[in-house]
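Working through the structure, step by step
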Amino acid sequence: MKLLTIIEKIKRFSNQDLALYLLIISSFLPFYLFLTLFVLYIILLAFTGKLKQVLKDLLSHRFLLAFIGFSFTVSMVAGNYIGAGISVGFLMYAIFFKYYQRRLTPDFFHIVLQTVLLLSIFAAGFAFLEHYEIVHKFNYTFLSPKMQVWHQNRAEVTFFNPNYYGIFCCFCIMIGFYLLSITKSWFWKFIGAVAIGINLFGLSFTQNRTAFPAIICGAIIYLFTTIRSSKAFWLSIAVFGIGLMFLFSNDIGVRMGTLDSSMEERVSIWNAGMVLFKQNPWFGEGPLTYLHSFARIGARYHEHAHSLYIDTISSYGIIGTLLLAISTLKPVRMLLEMSRDPKKRPIVGLYVSFIVVLFVHGIFDVAILWVQSAFLFLLVMTSIPMWMKQEENVMPHK
């Protein structure tokens, strides 16, 4: 399907689908604008009565709601009011994505992914301008002086932090692989290939060292999940080689030269995170426990523990982490069942590659907790129930 065909399809969207689509693409705006539109959208849905059935459906996700309630409660008890606010955000995301699932169709899903891929090309162009200091970065001091952290010439586009934009690029590259696998249109094969290459450069402009191992692992897993032949092996070798070239290239400024000193700092942050976990192992203190309590233990200032795993257990404790893990069991079972169907290999590959990127990137960072990166991750992952019902994974258009 060519670009004009997408525009024609968007013109034929119902008012509800068009509003949903516009909100989704607004995630490329600076986070404070996106959050404002997101909250207004939820309020609009509530006033128009669109959330009644959504809230009823959400009640069936008992462990997810228990986790959100637990997160809010321990945050309030600990005086972690930022964490309490984030917990409310969790609930709003749960409501939104339940509504999204009700509106979702294969056609709408693919149009969203194609649009995201196109916008990611423009985002990478802005990253180029930021990296070479042709344009100034967004200034967040009007929100809080503490929010303005200058990351040298590391590109962050509208995502507040280079690492947040980095994981977003990783997800967009996986979407590019997916669209290459399922489309029969040479136009979209070309766009997919171009988007993969351009997002690799966008990723390099972030100087995010963790992202390249994540993208190498994600791409290799996607290829083996989808192709399952000797071709996957040779393509994986090529992906590995290209990834290493970007990772160690001084020309594009990836910060490998300071890896030793950075690892020392990172290990000290992890140790501090484990100290916080041991102080409250069962309950934690809610989201961003590290930010809330770093001064209490004499640690250096950081927003989080720079490890998805340590940050999770220190923030939610054993009980909260178990509630979160149990809430993911149903979609994991769906994913395992879908993996047995050869016709659904591309979409299963997309899901698995997203998870691999998250887990590998999460060894050294917590970028998924950011509003925009989490939004794209959930846009894809919450489509599992829809594809579970479909007989095959094909684009309903060329």
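Okay, so let's go over this structure.

What counts and what doesn't
Residues numbered from 1 in each chain as written. Predicted model: local features only at pLDDT ≥ 70, side-chain atom pairs only at ≥ 80, totals over all residues. Heavy atoms only, no water. Helix = DSSP H or I, 4+ residues; strand = E, 2+ residues; numbered from the N terminus. Buried < 20%, exposed > 50% of the residue type's maximum accessible area, 1.4 Å probe, protein only. Contact = heavy atoms within 4.5 Å. Areas by Shrake-Rupley, 256 points an atom, 1.4 Å probe, with all protein chains shown as cover. Axes fitted to C-alpha atoms, helices over the stretch in contact; angles between N-to-C directions. Parallel < 35°, antiparallel > 145°, perpendicular 65-115°, else oblique. Left-handed = near helix turned anticlockwise from the far one by under 90°. Salt bridge = Lys/Arg side-chain N within 4 Å of Asp/Glu carboxyl O. Patch = residues over 30% accessible without salt bridge, like charges linked within 9 Å, V, L, I, M, F, W, Y side chains within 5 Å. Expected span 1.5 Å × (residues − 1). Phe/Tyr/Trp six-rings, centres within 6.5 Å; stacked < 30°, edge-to-face > 60°.

Helices and strands together make up the secondary structure of the protein, namely 18 helices and zero strands. Per-residue burial for the protein yields a buried fraction of 51% across its 398 residues. Contacts spanning at least 24 positions in sequence make up 75% of the contacts within the protein whose residues lie at least 6 apart. Accessible area for the protein stands at about 18400 Å²; split by element, carbon and sulfur atoms hold 68% of it.

What follows deals with the packing of helix α16 (residues 345–361) against helix α17 (residues 371–381). As a packed pair, α16 and α17 sit with axes 10 Å apart at the nearest point and diverge in direction by 150 degrees. If you check the angle between α16 and α17, you find them roughly antiparallel. Between α16 and α17 lies a crossing of left-handed hand. Here Leu350, Tyr351, Phe354, Ile355 and Leu358 of α16 come into contact with α17, specifically with Leu376, Phe377, Val380 and Met381.

Let us now look at the pattern of salt bridges. Think of it this way: side chains of opposite charge can pair up when their charged atoms draw near. One pass over the structure, following the stated rule, counts seven salt bridges. We note a salt bridge from glutamate 8 to lysine 11, for which the minimum N-O separation is 3.9 Å. With glutamate 8 and lysine 11 both in helix α1 (residues 3–11) and three residues apart, the pair spans about one turn of that helix. Taking the relative accessible area as the measure of exposure, lysine 11 reaches 61% and is therefore exposed. For arginine 296, the salt bridge is made with glutamate 285, and the minimal N-O distance between the two is 2.9 Å. Of this pair, arginine 296 sits in the loop between α13 (289–293) and α14 (308–327) while glutamate 285 sits in the loop between α12 (259–279) and α13; the two residues are eleven residues apart in sequence, bridging distant segments of the chain.

Turning to its location among the elements, alanine 214 is positioned in helix α10 (residues 211–226). On the accessibility criterion, alanine 214 (0% relative accessible area) is buried. Those residues in contact with alanine 214 that sit more than four places away from it in its chain are Val357, Val360 and His361.

Between helix α2 (residues 15–25) and helix α6 (residues 81–103), the least distance of the axes is 11 Å, while the angle of their chain directions is 130 degrees. As judged from the angle between their axes, α2 and α6 are oblique. Between α2 and α6 lies a crossing of left-handed hand. The residues of α6 that touch α2, namely those facing Gln16, Asp17, Leu20, Leu23 and Ile24, are Phe96, Tyr99, Tyr100 and Arg103.

The next thing to look at is a nonpolar patch on the surface. Taken together, the side chains of Phe63, Trp282, Phe283, Ile318, Ile319, Leu322, Ile326 and Leu329 define a hydrophobic patch exposed on the protein surface, amounting to about 710 Å² of accessible area. Among the elements that take part in the nonpolar patch, α14 stands out by supplying four residues, more than any other. As for its position among the elements, isoleucine 326 is in helix α14.

With that settled, the discussion passes to helix α7 (residues 106–131). Given 3.6 residues per helical turn, the α-helix brings residues three or four places apart onto the same face. Along its 26 residues, α7 runs 37 Å from first to last C-alpha, staying within 8% of the 38 Å computed at 1.5 Å per residue. Along α7, 19 of the 26 residues are buried, which leaves the element largely enclosed by surrounding structure. Phi turns positive one or two residues past the end of α7, at glutamate 133, with a value near 55 degrees.

The tally for this structure, following the rule as stated, stands at 40 aromatic pairs. With 6.1 Å between their ring centres and 75 degrees between their planes, tyrosine 132 and phenylalanine 205 make a pair best called edge-to-face. With tyrosine 132 in the loop between α7 and α8 (162–182) and phenylalanine 205 in helix α9 (residues 186–206), this pair connects stretches of sequence that are 73 residues apart. A relative accessible area of 44% places tyrosine 132 in the partly exposed class. For phenylalanine 205, a relative accessible area of 6% corresponds to the buried category. Summarising the aromatic geometry, the rings of phenylalanine 160 and tryptophan 370 are spaced 5.1 Å apart at their centres and angled 15 degrees between planes, so their arrangement reads as stacked. Note that phenylalanine 160 is positioned in the loop between α7 and α8 and tryptophan 370 in the loop between α16 and α17, a separation of 210 residues in sequence. The exposure class of phenylalanine 160 is buried, given its relative accessible area of 13%. The exposure class assigned to tryptophan 370 is buried, which follows from its relative accessible area of 14%.

Right, let's talk about the environment of serine 327 for a bit. With respect to the helices and strands, serine 327 occurs in helix α14. As a C-alpha pair, serine 327 and phenylalanine 67 span 260 residues in sequence and 8.2 Å in three-dimensional space. Excluding its chain neighbours within four sequence positions, the residues that come into contact with serine 327 are Phe63 and Leu64.

Let us now look at unusual backbone geometry. For leucine 288, which is not glycine, the phi torsion reads 60 degrees and is therefore positive. Along the chain, leucine 288 turns up in the loop between α12 and α13.

Purely geometric stuff here, so don't read any function into it on its own.
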